[in-house]
Amino acid sequence: MNASDAEKPARGLTRRQAVKLAAAVGLAAAGGLTATSLWREQPEAEVFIAKAAGYDADLAGVVRRGLAELGVTPAEIAGKQVLVKPNLVEPHAGAGHINVHPRMVRAVAEAFLALGAGAVVVGEGAGHRRDAYLVLEESGLAEVLAEDRLAFYDLNNGPVARRPNAGGWSKLGDLWLPGRLLAADIVVSLAKMKTHHWAGVTLAMKNLFGVMPGVVYGWPKNVLHFAGIEPSILDINATVRPQFAIIDGIVGMDGDGPIMGDPVASGVVVLGRSAVAVDATACRVMGIDPAKVGYLQTADGRLGTIRAARIEQRGESPAAVRRDFALLDYVPAQRDLRLAP
Amino acid sequence: MTGTVLQTHYDALISRAAPDGSFAVAEGAGSRPDATAWAAMALFAANQAPELVAAARAVLAAAQSPDGRVALLPERPEAAWPTALALLAWLPDPARAENVSRAAAWLMAHPGSHWPKNAEEQAVIGHDTSLRGWNWIDGTHSWVEPTALAMLALGALAAPPAEALAEAARLLMNRQLPDGGWNYGNTRVFKNTLLPVPESTGHALAALAGRAVIGDVAPSLAYLQGPRCAVATPLAAAWRAFGLGAWGLAGQDEEALCRAALERQSRYGPYDTPQLAQCLAAAASRGRFAALLGGHS
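Residues numbered from 1 in each chain as written. Chains lettered and ligands numbered in written order. Predicted model: local features only at pLDDT ≥ 70, side-chain atom pairs only at ≥ 80, totals over all residues. Heavy atoms only, no water.

### Side note on the overall build of chain A
Argument step 1. Regarding its fold elements, chain A presents 14 helices and 14 strands.
Argument step 2. Restricting to contacts in chain A with at least 6 residues of sequence separation, those with at least 24 account for 75%.
Argument step 3. When the accessible surface of chain A is summed, it comes to about 12100 Å², and 51% of that surface belongs to carbon and sulfur atoms. (Helix = DSSP H or I, 4+ residues; strand = E, 2+ residues; numbered from the N terminus. Contact = heavy atoms within 4.5 Å. Areas by Shrake-Rupley, 256 points an atom, 1.4 Å probe, with all protein chains shown as cover.)

Here it is, written out as structure tokens:
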């Protein structure tokens, strides 16, 4: 199916509407639900999962297909300024599983440019490093950016502007955001599939810590930690509202993430318009129950949905590609997160 | 003094000066105290545009709050980490003695949050949380770079606060990683020892010169001299030079690395002003941080 197919009428409905209706009817047949609950139970988000055996795969093709499955059309993207925010928290030599792979960044840029984006830029405000360009070098992204002539913005240091906190879960008050982020029409949270020793998991929502400028929030963005990691995640996502969430799960990280954990070859890419639903799906792929991850549970019904019945899975099913990530019993945030078999 | 290659970059820096003496944080962006302070230090170290240096110092003075702090933004007074930078920028100018005094008093009254570590925290983090240093944001914990910058600023006063500086030095030594080097300021989280990074190692070594014996920082000096830190990116190169320079170990290689980092703007695009100015200052001074303050050793 291509992008335009997604909106073709089918018996007076768009294809997506028809699929949703079919899903709802299926639920009604199975559970004898009333019309009112049918409406409640219809899918509210679409998430695409693709297998990708390695970084040599046609990743741009994977992302293009995923965006098409989400109904993204050239008309939606044409001329837009796209900011891709990869997770580059702290590169270490020989530890590529810490950060989004440069080829995923390239694939995402190519996909949006193919849809007619006016420009794609890459922006990150690494949590532990002051030298953003060293981050680019050590992550391998510098070479890709140079080859593809993609601009990079250090979100930690540049101009900042104040925006009302649209969440209100933390006591952060107004949020200070990079001017370069605010100038973008479309923000893409491009995350790595990892466990996390403070938050349980770090996926598309947690990845947005990296847009918070260090000049205002410090390194390692200590203000956000003092305000509470989970409330801060929720507030940032409520305020920034990324248009797309993409997770590089080709090689993820389990155990003592986000930096010191072990590589996990999951071989998947997960993407969608809702960071909440994408994260919930990624959790299921990781063998983690999203309802047991505090900030995802809180986000459910407010910033998106984590409920399987409300997420229309495209491509692979989470169960088909599930690969349980190791969880550490001595890390409180990771205890009791396991999804039932 | 600065040579033709560096002059091109100094010209780029000078072009970011606003009519009021402040410096834009990036090309085409608004001004900010951190950019202004670093620009003033870089220009002073190279004996460039003295009228701009004076104007920059005056702008920083105008931005100083009555309590002595210099905040990043008037609406964000907690982000007071530019106070140490302003103090450094003012230090060579006797006319700014009163500004220096108030900034120093604010720093002395606002260390990073600190507390005796309990047993639960002991299992999670490795460093001694009871030691006082300085923080990025008022009210939060002490970290390596703001502690180092405050030490460099307060240590250059006519009457340095010896006790506070000694405790800050203990803090840095406590945060030194077992195999040498520093990161932003954590040594261990749960069961894993964290890894060093060049820029933080340079900050700590620059601040510890004269406050630690070389044997105690030898692994860190070796790390900073090693190939993993020999990268031509602006802050890593600048603080590699300043860190080694503080121990008499910086030479032409360090200066060349800074120059290479400056040239890499052809690849990355223009650096933001603080990064540009720090790299320029390190190159022009050949890693002698004292040159930013008018010193010669």
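Structure's up, so let's keep going.
### Quick look at the overall build of chain B
Argument step 1. From N to C terminus, chain B includes 14 helices and two strands.
Argument step 2. Based on the C-alpha atoms only, the size of chain B along its principal axes is roughly 55 × 45 × 35 Å.
Argument step 3. Split into buried and exposed, the 297 residues of chain B put 59% on the buried side.
Argument step 4. Put simply, 61% of the contacts in chain B that link residues at least 6 apart link residues at least 24 apart.
Argument step 5. For chain B, the exposed surface amounts to about 10600 Å²; the carbon and sulfur share of it is 55%. (Buried < 20%, exposed > 50% of the residue type's maximum accessible area, 1.4 Å probe, protein only.)

### Overview of the interface of chain A and chain B
Argument step 1. With 38 residues of chain A in contact, the opposing surface of chain B contributes 44 residues.
Argument step 2. Here chain A and chain B share an interface that buries about 3600 Å² over both sides, 61% of which is from carbon and sulfur atoms.
Argument step 3. The salt bridge involving Asp272 of chain B is made with Arg180 of chain A; its shortest N-O contact spans 3.1 Å.
Argument step 4. Connecting chain A to chain B are 17 residue pairs in polar contact (both at pLDDT 80 or more). (Buried area = accessible area lost by both parts, 1.4 Å probe. Salt bridge = Lys/Arg side-chain N within 4 Å of Asp/Glu carboxyl O. Polar contact = N/O pair within 3.5 Å; in protein donor to acceptor, adjacent residues only side chain to side chain.)

### With respect to the packing of aromatic side chains
Argument step 1. Under the definition given, this model contains 14 aromatic pairs over all chains.
Argument step 2. With centroids separated by 4.8 Å and ring planes inclined at 40°, the aromatic side chains of Tyr133 of chain A and Tyr268 of chain B adopt a geometry described as tilted. Of the two residues, Tyr133 of chain A is situated in helix H6 (residues 132–139) and Tyr268 of chain B in helix H13 (residues 265–268); the pairing between them involves two chains. Of the two residues, Tyr133 of chain A and Tyr268 of chain B, both sit in the buried class.
Argument step 3. Through a chain of ring-to-ring contacts, the aromatic side chains of Tyr133 and Phe152 of chain A together with Tyr268 and Tyr271 of chain B assemble into a single cluster.
Argument step 4. A cation over a ring is seen here: Lys191 of chain B above Tyr330 of chain A, with NZ or CZ 4.0 Å from the ring centre. (Phe/Tyr/Trp six-rings, centres within 6.5 Å; stacked < 30°, edge-to-face > 60°. Lys NZ or Arg CZ within 6 Å of the ring centre and 35° of its normal.)

### Overview of the pattern of salt bridges
Residues and elements named next belong to chain A.
Argument step 1. Scanning the entire structure with this criterion turns up 25 salt bridges over all chains.
Argument step 2. One salt bridge connects Glu124 with Lys85, and the closest N-O pair in it is separated by 2.8 Å. Here the residue Glu124 occupies a position in strand S5 (residues 119–124), and Lys85 occupies one in strand S4 (residues 81–86), the gap between them amounting to 39 residues. Grouping residues by exposure puts Glu124 and Lys85 together as buried.

### Re the environment of Ala109 of chain B
All names here are of chain B.
Argument step 1. Mapping Ala109 onto the fold places it in helix H5 (residues 97–109).
Argument step 2. Of the residues examined, Ala109 reaches a relative accessible area of 54% and is grouped as exposed.
Argument step 3. Through-space distance from the C-alpha of Ala109 to that of Gly68 is 10 Å; in sequence the pair is 41 residues apart.

### Comments concerning the nonpolar core
Argument step 1. Counting residues in hydrophobic clusters, the biggest one holds 219 residues, and the most contacted among them are Leu67, Met104, Phe112, Met193 and Met205 of chain A together with Leu13 of chain B.
Argument step 2. With nine residues, the single largest contributor to this core is helix H2 (residues 33–45) of chain B.
Argument step 3. Beyond its immediate stretch of four places on either side in the chain, Phe112 of chain A contacts Leu67, Ile77, Val82, Ala117, Val120, Val188 and Phe244 of chain A. (Core = buried A, V, L, I, M, F, W, Y, C linked by side-chain atoms within 4.5 Å.)

### Focus: the packing of H2 of chain B against helix H3 (residues 50–63) of chain B
All names here are of chain B.
Argument step 1. Two elements in contact, H2 and H3, have axes whose closest approach is 9 Å; the angle formed by their N-to-C orientations is 150°. Judged by the angle between their axes, H2 and H3 are roughly antiparallel. Between H2 and H3 lies a crossing of left-handed hand. Counting all contacts with H2, which are made through Pro33, Thr36, Ala37, Ala40, Leu43 and Phe44, the residues of H3 involved are Leu52, Val53, Ala56, Arg57 and Leu60. (Axes fitted to C-alpha atoms, helices over the stretch in contact; angles between N-to-C directions. Parallel < 35°, antiparallel > 145°, perpendicular 65-115°, else oblique. Left-handed = near helix turned anticlockwise from the far one by under 90°.)

### Focus: the confidence of the model for chain B
Argument step 1. Mean pLDDT over chain B works out to 96, with 98% of the residues at or above the 70 mark.
Argument step 2. Interface confidence for the predicted complex, given as ipTM, is 0.96, next to a pTM of 0.92. (pLDDT = per-residue confidence, 0-100.)

### Re the side chain of Lys192 of chain A
All names here are of chain A.
Argument step 1. Mapped onto the elements, Lys192 comes out in strand S9 (residues 186–196).
Argument step 2. Lys192 sits in the buried class, given a relative accessible area of 1%.
Argument step 3. A distance of 3.1 Å separates a polar atom in the side chain of Lys192 from the backbone oxygen of Asn99.

### Thoughts on helix H5 (residues 102–114) of chain A
Residues and elements named next belong to chain A.
Argument step 1. In this model H5 runs 18 Å from its N-terminal to its C-terminal C-alpha over 13 residues, within 8% of the 18 Å that 1.5 Å per residue would give.
Argument step 2. Considered for burial, the residues of H5 that qualify are Pro102, Met104, Val105, Ala107, Val108, Ala109, Ala111 and Phe112.
Argument step 3. Where H5 ends, the next residue or the one after it, Gly116, has phi of about 100°, a positive value. (Expected span 1.5 Å × (residues − 1).)

### Section: the UniProt feature "domain: DUF362" (unreviewed entry) in chain A
Argument step 1. Residues annotated by UniProt as "domain: DUF362" (unreviewed entry) correspond here to residues 82–284 of chain A.
Argument step 2. Counted over residues 82–284 of chain A, helix gives 33% and strand 28%. Its end C-alpha atoms are 28 Å apart. (UniProt positions renumbered as here; feature names shortened; annotations may be inferred.)

### Comments concerning unusual backbone geometry
Residues and elements named next belong to chain A.
Argument step 1. Following Trp219, the chain continues to Pro220 via a peptide bond in cis, the omega torsion being 10°.
Argument step 2. Examined against the element boundaries, Pro220 turns out to sit in the loop between helix H10 (214–217) and helix H11 (222–226).
Argument step 3. The omega torsion across Gly257 and Pro258 is 15°, close enough to zero to call that bond cis.
Argument step 4. Along the chain, the position of Pro258 falls in the loop between strand S11 (244–254) and strand S12 (262–264).
Argument step 5. One non-glycine residue, Asp336, lies in the positive phi region at around 60°.

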